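Tertiary structure, described
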Amino acid sequence: MIQFLQCLDRLGRLGAVRASWQKELGDEFAECQALLRASDVAFSIEDPDWPGQILELEEQENGGFMGFSQEIPSHRPPFTFKREDCVRLVPNLKGIAECLGRKLGFTPAEHPQWSQSGVHEIGSFDIRDGEPMPVHLFVPNFNSREESIKSAIRDIESSILLLPTRGGFTQYVSTLAAKCDVRIIVLSSAKGLDKLSIAPARKKVRGTEKKAVPPMFTPKAGWSWTNVMLSIELEGLRCRIHGEERTRPWADMNIRLRNGRHPTRLLQILGDLGKGNRLTQRRGDTNDRKAISDVRIFLKTHVMLLNEDPFHEFEDGWGTRFTVNDQIGRRQVRTIEDDEIADRPDENSPFTYQDDIDPVEMAGFSIRQI
């Protein structure tokens, strides 16, 4: 498995022809076939006798291929290949998730999907009952390895990130991961996968044990999410229900207003729903479905714990049962941004709305007027 991970780190999502995988994995190829799947037939292949030289493939009447040298004059006579050796094999994310899940002790995702970045969610690890932590796998892409990892860390706060090798794992990456509460595990280690532990270290608190902060409201008879008014303000989240009002600072909810992209996305979702719009998603996108789940957990953790769902589910997405008033927050933040930044907007501000949202940042979401 370690040898496969090293190949995955080198070949990436595009993979290689069967012959190349067989050459790289040797005797391990047979047991790694569940981690690969057939894609298409390659147009070229590395010369098995002349490493570094590429042969262009031409299909023959018998279904096989003939490889011709790209050099002029030719560096060798044409070479015959079996068709199966010219089929491109790409990583099978589901197979990899299941294999790593068995060895590392996390629950593999039922339908893991490749994301557009270099990081892909493949499962979750239960720290304690009811407290799953997402598990992501880094697969290098065409971008700088270190920059891809740093960008990924900012997107996946409070999670576990698996790296096939130590490539790109610098001191800066380690520092950023600690700041964003991302536990990085290098899979290609001397310990081997069976002895690796991905469980985060339990944080010890001196003196009395730190107690979890309860939600702002304890539900009373007849209370519903339809009675809740949320106000997104500079100092925190203000909540009102049946004449009672509470405010909780952003810091007490582990939200940093000007650092990190995950909290920004959470507040963007609340802000857009507060305009009376419906949030729709591509059902096939696991990461986007998880975003709504994150908002739901956030509301029940910090506002009020009700069995009722704070969202109303439609055929194509969700709308809110509660009301969001973000006028005060937008006015306050706009004043600060005008004073401090002047001629350029703060890209990390959580109070950026649909007119200013980067399409990549909100990939998978669409807003529909209702």
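Cut-offs and rules
- Residues numbered from 1 in each chain as written.
- Predicted model: local features only at pLDDT ≥ 70, side-chain atom pairs only at ≥ 80, totals over all residues.
- Heavy atoms only, no water.
- Helix = DSSP H or I, 4+ residues; strand = E, 2+ residues; numbered from the N terminus.
- Buried < 20%, exposed > 50% of the residue type's maximum accessible area, 1.4 Å probe, protein only.
- Contact = heavy atoms within 4.5 Å.
- Areas by Shrake-Rupley, 256 points an atom, 1.4 Å probe, with all protein chains shown as cover.
- Pairing = 2+ DSSP bridges.
- Axes fitted to C-alpha atoms, helices over the stretch in contact; angles between N-to-C directions.
- Core = buried A, V, L, I, M, F, W, Y, C linked by side-chain atoms within 4.5 Å.
- Polar contact = N/O pair within 3.5 Å; in protein donor to acceptor, adjacent residues only side chain to side chain.
- Salt bridge = Lys/Arg side-chain N within 4 Å of Asp/Glu carboxyl O.
- Phe/Tyr/Trp six-rings, centres within 6.5 Å; stacked < 30°, edge-to-face > 60°.
- pLDDT = per-residue confidence, 0-100.
- Parallel < 35°, antiparallel > 145°, perpendicular 65-115°, else oblique.
- Nonpolar A, V, L, I, M, F, W, Y, C, P; charged D, E, K, R; others polar.

A few points about the overall build of the protein chain
The secondary structure content of the protein chain amounts to 8 helices and 20 strands. Counting the 370 residues in the protein chain, one finds 45% classified as buried. The long-range fraction of contacts in the protein chain, counting pairs at least 24 apart against all pairs at least 6 apart in sequence, stands at 57%. Only carbon and sulfur atoms are counted for the fraction: they give 48% of the accessible area of the protein chain, which is about 20500 Å².

Structural notes on the sheet that holds strand β4 (residues 54–59)
Through backbone hydrogen bonds, the strands of a sheet pair up, either in parallel or in antiparallel fashion. Read from one edge of the open sheet, 4 strands run β3-β4-β5-β6, paired in antiparallel fashion. In the strand order of this sheet, the two ends are held by β3 (44–46) and β6 (79–81), each with one partner. Averaged over all pairs of adjacent strands, the angle between their axes in this sheet comes to 40°, without regard to strand direction.

Things to note about helix α1 (residues 2–11)
Every buried residue of α1 is listed here: Phe 4, Leu 5, Cys 7, Leu 8 and Asp 9. Lining the buried residues of α1 we find α2 (18–25), β2 (36–41), β7 (87–91), α3 (93–104), β10 (131–138) and α4 (145–155). Phi turns positive, to about 70°, at Gly 12, one or two residues after α1.

Side note on the sheet that holds strand β1 (residues 16–17)
Pairing in this open sheet of 3 strands is antiparallel, and the strands run β1-β7-β2 from one edge to the other. The sheet is open, and its two edges are formed by β1 and β2, each paired on a single side. Bridge count between β2 and β7: 4 bridges; the pairing is antiparallel. From the neighbouring strand, Leu 36 faces β7, where its bridge partner is Pro 91.

Details of the nonpolar core
Phe 4, Leu 100, Leu 137, Leu 162 and Leu 187 are the most contacted members of the largest nonpolar core, which totals 33 residues. Listing elements by their share of this core, those giving two or more residues are α1, α2, α3, β9 (119–128), β10 and β11 (159–163). Ranked by the residues each element gives to this core, the list is headed by α3, at 6 residues. Those residues within four positions of Phe 4 in sequence are excluded, and the remaining contacts are Trp 21, Leu 25, Glu 28, Cys 32, Leu 35, Leu 36 and Ile 96. Among the nonpolar cores identified, the runner-up in size contains 28 residues, and Ile 232, Ile 255, Leu 299 and Phe 322 belong to it.

What to know about the side chain of His 75
With respect to the helices, strands and loops of the structure, His 75 is situated in the loop between β5 (65–69) and β6. Within the local environment of His 75, its side chain forms a polar contact with the side chain of Ser 69, the two groups lying 2.7 Å apart. Setting aside anything within four residues of it in sequence, one finds His 75 in contact with Asp 47, Trp 50, Gln 53, Leu 55 and Ser 69.

Topic: the pattern of salt bridges
Enumeration according to the criterion identifies 13 salt bridges in this entry. A salt bridge links Asp 309 to Arg 296; its shortest N-O distance comes to 3.0 Å. Residue Asp 309 is found in the loop between α7 (286–302) and β17 (311–314), and its partner Arg 296 is found in helix α7; the two are separated by 13 residues along the sequence. Exposure remark for Asp 309: the relative accessible area of 27% places this residue in the partly exposed category. Put simply, Asp 47, Asp 49 and Arg 76 are held in one network by salt bridges that share partners.

A short note on the pairing of strand β14 (residues 236–241)
Consecutive residues of a regular strand have side chains that alternate between opposite faces of the sheet. For β14, the tally of buried residues reaches 5 of 6 residues, placing the bulk of the element in the interior. Here strand β13 (residues 228–232) pairs with β14 via 5 bridges, running antiparallel. Across the sheet, the residue bridging to Val 228 is Ile 241, located in β14. Relative to strand β15 (residues 244–249), β14 runs antiparallel, the two being bridged by 6 bridges. Across the sheet, the residue bridging to Cys 239 is Arg 246, located in β15. Where β14 folds back onto β15 in an antiparallel hairpin, the turn is made up of 2 residues, including His 242, whose phi is positive at roughly 50°.

Some details on the packing of aromatic side chains
Using the criterion set out here, one finds 5 aromatic pairs in the structure. For the pair Phe 311 and Phe 322, a centre-to-centre distance of 6.0 Å together with 65° between the ring planes defines the contact as edge-to-face. Residue Phe 311 is located in strand β17, and its partner Phe 322 is located in the loop between β18 (317–320) and β19 (323–325); the two are separated by 11 residues in the primary sequence. Comparing Phe 311 with Phe 322, the two get one shared label, buried.

Description of the environment of Pro 215
Locating Pro 215 in the fold gives a position in the loop between β12 (182–186) and β13. Those residues in contact with Pro 215, other than ones at most four positions away along the chain, are Arg 248, Lys 300, Thr 301, His 302, Val 303, Met 304 and Leu 305.

Considering the confidence of the model for the protein chain
Across the protein chain, pLDDT averages 75, with 74% of residues at or above 70. The element-level mean pLDDT for the protein chain is lowest in strand β20 (residues 365–369), coming to 43, with strand β8 (residues 107–108) highest at 89. The model gives residues 204–209 a pLDDT under 50, and that stretch makes 1 contact with residues more than four places away or in other chains. Per-residue pLDDT stays below 50 along residues 259–263; that stretch engages in 12 contacts with residues further than four places along the chain or on separate chains.

Describing the packing of α4 against helix α5 (residues 171–179)
Interaxial distance between α4 and α5 falls to 10 Å at its minimum, and their mutual angle equals 5°. What the angle tells us is that α4 and α5 run roughly parallel. Note on element contacts: α5 touches α4 through Tyr 172, Val 173, Leu 176 and Ala 177, opposite Glu 146, Ile 149, Lys 150, Ile 153 and Arg 154. Tallied by class, the residues present in the contact of α4 with α5 amount to 6 nonpolar, no polar and 3 charged.

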